[in-house]
Amino acid sequence: MIPKTKKIWMDGTFVDWDQATVHVLTHSLHYGLGVFEGIRCYNTKSGPAIFRLGEHIDRLFSSAHIFLIDIPYTKSEITRAVIETVRVNKMRECYIRPLVYIGYGSMGLYPKDNPVSVSIAVWSWGAYLGDDGITQGIRVKTSSFIRNHVNASMTRGKVCGYYVNSQLAKKEAISCGYDEALLLDTEGYVSEGSGENVFMVRNGMLKTTPLTSILEGITRNSVITIARDKKIPVVEERFTRDELYIADEAFFTGTAAEVTPIRELDGRRIGDGKPGPVTKDIQRIFFDIVKGKNRKYASWLTKV
Ligand code: PPE
């Protein structure tokens with residue numbers, strides 16, 4: 001169970017956690033069309049700060065745009081509501097989940113005039129893949145399930161229903177004794193984790209998958225920026241699972257997963273089987289940035 005907080009923002013008003021309910025005929029619940037974000041707020045020495053809030057709000061609206069959903073609020077209203085939700089719950093550090101969903105009205109796939117609703121919840125969420133995952137690295141399994149084709153799902157959108165695919169992969173990986181799944185695309189190239197983008201290090205170069213079949217991760221973008229600023233070459237190109245097997249280092253990125261090293265894939269040790277120097281360096285810089293200890297990237301933080 002996630003720990004309850006006090007209030008959840010629902011369509012402009014703060015509702016008590018236990019009262020934040022919807023009708024069982026809520027359209028999104030039946031057909032999976034809703035868009036959402038995952039954002040983190042970190043405790044810094046000058047108080048709580050939200051990481052790359054503007055980019056997350058932009059992506060929320062882009063997701064809605066792709067799916068022809070009209071969010072009945074402006075970007076600045078949602079931005080203010082996110083900040084306010086962190087504030088009223090007196091959170092110093094938390095995960096923030098804005099959700100845009102189609103409400104109760106008509107049934108059937110075409111939701112004609114059903115209302116579009118927005119909720120924003122916050123809660124404490126520690127390391128997504130465990131504290132040991134962050135420090136020691138995780139064990140990953142290539143999934144037998146394939147990432148949605150780009151013309152089956154619009155991968156620039158962060159859409160509720162897509163996570164059915166992710167859950168198939170995640171459940172399979174866990175049942176086989178692994179920590180996380182790696183999905184391939186429809187052509188057999190590496191795409192991403194169930195809820196993370198993937199990177200590898202080989203011969204001093206950082207490589208990540210191009211944006212075709214993956215979510216355009218904001219952590220991915222942050223890591224690319226950090227690496228380029230450090231003069232580490234970064235390429236965005238397709239690669240195969242066996243290139244990952246022989247990589248020197250690999251890691252996942254995501255808001256929830258942050259920067260999580262991968263120490264094993266499909267029973268093959270990656271590099272030395274522990275977080276490598278480039279991964280550790282990027283991880284350290286990333287955590288310094290989010291915790292407000294790196295002035296160079298101060299513009300990535302919005303004070304609460
Ligand atoms: N790919 C997928 C499929 C994905 O869900 C995420 C985030 C990412 C990449 C990384 O994107 P970004 O957070 O912008 O760096 N997954 C979110 C949901 C996780 C969950 O279990 O819920 C997250 O990390 O918040």
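The coordinates are above.
Attention here is on the structure that accompanies the text. Since this is a predicted model, take the numbers as computed values, not measurements. (Residues numbered from 1 in each chain as written. Predicted model: local features only at pLDDT ≥ 70, side-chain atom pairs only at ≥ 80, totals over all residues. Heavy atoms only, no water.)

### What to know about the overall build of the protein
(1) Moving on: Assigned secondary structure in the protein consists of eight helices and 17 strands.
(2) Moving on: What you see for the protein is a C-alpha radius of gyration of 19 Å, in line with the 19 Å of a compact globule of 304 residues.
(3) Moving on: If you line up the protein on its principal axes, its C-alpha atoms span 55 × 45 × 30 Å.
(4) Moving on: Across the 304 residues of the protein, 52% fall into the buried class.
(5) Moving on: Sequence-distant contacts, at least 24 apart, represent 70% of the contacts inside the protein between residues at least 6 apart.
(6) Moving on: In the structure as shown, the protein presents an accessible area of about 14200 Å², 52% of it carried by carbon and sulfur atoms.
(7) Moving on: Counting 40 positive and 34 negative side-chain charges, the protein places the averaged centre of each group 4 Å from the other. (Helix = DSSP H or I, 4+ residues; strand = E, 2+ residues; numbered from the N terminus. Rg over C-alpha atoms; globule rule 2.2 N^0.38 Å. Buried < 20%, exposed > 50% of the residue type's maximum accessible area, 1.4 Å probe, protein only. Contact = heavy atoms within 4.5 Å. Areas by Shrake-Rupley, 256 points an atom, 1.4 Å probe, with all protein chains shown as cover. Lys, Arg positive; Asp, Glu negative; His and termini not counted. Charge placed at Lys NZ, Arg CZ, Asp CG, Glu CD.)

### Quick look at unusual backbone geometry
(1) Moving on: We note that Glu258 has phi near 55°; this positive angle belongs to a residue other than glycine.
(2) Moving on: At Asp266, a position not held by glycine, the phi torsion is positive, near 50°.
(3) Moving on: Structurally, the position occupied by Asp266 is in the loop between β15 (258-265) and β16 (268-269).
(4) Moving on: The buried category is assigned to Asp266, whose relative accessible area is 13%.

### Quick word on the packing of aromatic side chains
(1) Moving on: Summed over all chains, the structure comprises twelve aromatic pairs.
(2) Moving on: Ring centres of Trp125 and Tyr128 lie 5.4 Å apart, and the angle between their planes is 90°; this geometry places the pair in the edge-to-face category.
(3) Moving on: Take Tyr128: its relative accessible area is 30%, and that puts it in the partly exposed class.
(4) Moving on: Aromatic ring contacts, followed pair by pair, group Phe51, Phe286, Phe287, Tyr297 and Trp300 into a single cluster.
(5) Moving on: Positioned above the aromatic ring of Trp300 is the side chain of Arg52, whose terminal nitrogen or guanidinium carbon lies 4.3 Å from the ring centre.
(6) Moving on: The cationic tip of Lys170 hangs over the ring face of Tyr128; the distance from NZ or CZ to the ring centre is 5.5 Å. (Phe/Tyr/Trp six-rings, centres within 6.5 Å; stacked < 30°, edge-to-face > 60°. Lys NZ or Arg CZ within 6 Å of the ring centre and 35° of its normal.)

### Focus: the site of the ligand
(1) Moving on: For the ligand, the set of nearby residues contains 22 residues, the closest of which are Tyr95, Tyr128, Tyr163, Thr219 and Thr255.
(2) Moving on: Between the ligand and Arg97, the relevant distance is 3.1 Å, taken from an oxygen atom to a side-chain nitrogen or oxygen of the residue.
(3) Moving on: In the environment of the ligand, an oxygen atom lies 2.6 Å from a nitrogen or oxygen atom belonging to the side chain of Thr219.
(4) Moving on: Across the complex, the protein chains shield 93% of the 550 Å² of accessible surface that the ligand would expose by itself.
(5) Moving on: Of all the elements in the fold, those that place two or more residues in the shell around the ligand are β6 (94-102), α6 (218-229) and β14 (249-254).
(6) Moving on: A breakdown of the residues in the shell around the ligand according to their chemical character gives seven nonpolar, nine polar and six charged. (Near = heavy atom within 4 Å. Polar contact = N/O pair within 3.5 Å; in protein donor to acceptor, adjacent residues only side chain to side chain. Nonpolar A, V, L, I, M, F, W, Y, C, P; charged D, E, K, R; others polar.)

### Quick word on the nonpolar core
General note: in soluble globular proteins, nonpolar side chains tend to be found buried as a group.
(1) Moving on: Membership of the largest hydrophobic core comes to 31 residues, with the highest contact counts inside it found for Ile50, Ile71, Ile78, Val82, Val86 and Ile96.
(2) Moving on: Excluding anything up to four places from it in sequence, Val86 contacts Cys41, Ile50, Met91, Cys94, Ile96, Val122 and Val304.
(3) Moving on: Listed in part, the 25 residues of the second largest apolar core include Ala227, Val259, Ile282 and Trp300. (Core = buried A, V, L, I, M, F, W, Y, C linked by side-chain atoms within 4.5 Å.)

### Section: the pattern of salt bridges
(1) Moving on: A full pass over the atoms with the stated rule returns 21 salt bridges.
(2) Moving on: Note that Glu264 is salt-bridged to Arg139, the shortest N-O span being 2.9 Å. Placement of the pair is Glu264 in strand β15 and Arg139 in strand β8 (residues 138-146), with a sequence separation of 125 residues.
(3) Moving on: Judged by relative accessible area, Glu264 falls into the buried class, the value being 14%.
(4) Moving on: In this structure Arg139 comes out as partly exposed when scored by relative accessible area, which is 21%.
(5) Moving on: Where Glu243 meets Lys207, a salt bridge forms, and the shortest distance between an N and an O atom there is 2.8 Å. Of this pair, Glu243 sits in helix α7 (residues 241-245) while Lys207 sits in strand β12 (residues 205-208), placing them 36 residues apart in sequence. We note that Glu243, like Lys207, is buried.
(6) Moving on: Salt bridges sharing partners connect three or more residues here, namely Arg202, Lys207, Glu237 and Glu243. (Salt bridge = Lys/Arg side-chain N within 4 Å of Asp/Glu carboxyl O.)

### Description of a nonpolar patch on the surface
(1) Moving on: On the surface, a cluster of nonpolar side chains totalling about 800 Å² of accessible area is made up of Val22, Val24, Leu25, Leu29, Tyr31, Tyr104, Met107 and Leu109.
(2) Moving on: Accessibility expressed as a relative area gives 35% for Tyr31, which makes it partly exposed. (Patch = residues over 30% accessible without salt bridge, like charges linked within 9 Å, V, L, I, M, F, W, Y side chains within 5 Å.)

### Brief notes about the packing of helix α2 (residues 53-66) against helix α3 (residues 75-88)
(1) Moving on: One can describe the packing of α2 onto α3 by two numbers: an axis separation of 10 Å at closest approach and a directional angle of 125°. Comparing their axes, α3 and α2 come out oblique. Between α2 and α3 lies a crossing whose hand is right-handed. Facing α2, whose interface residues are Leu53, Ile57, Asp58, Leu60 and Phe61, α3 presents Lys75, Ile78, Thr79, Val82 and Ile83.
(2) Moving on: Grouping the constituent residues of the contact of α2 with α3 by class yields seven nonpolar, one polar and two charged. (Axes fitted to C-alpha atoms, helices over the stretch in contact; angles between N-to-C directions. Parallel < 35°, antiparallel > 145°, perpendicular 65-115°, else oblique. Left-handed = near helix turned anticlockwise from the far one by under 90°.)

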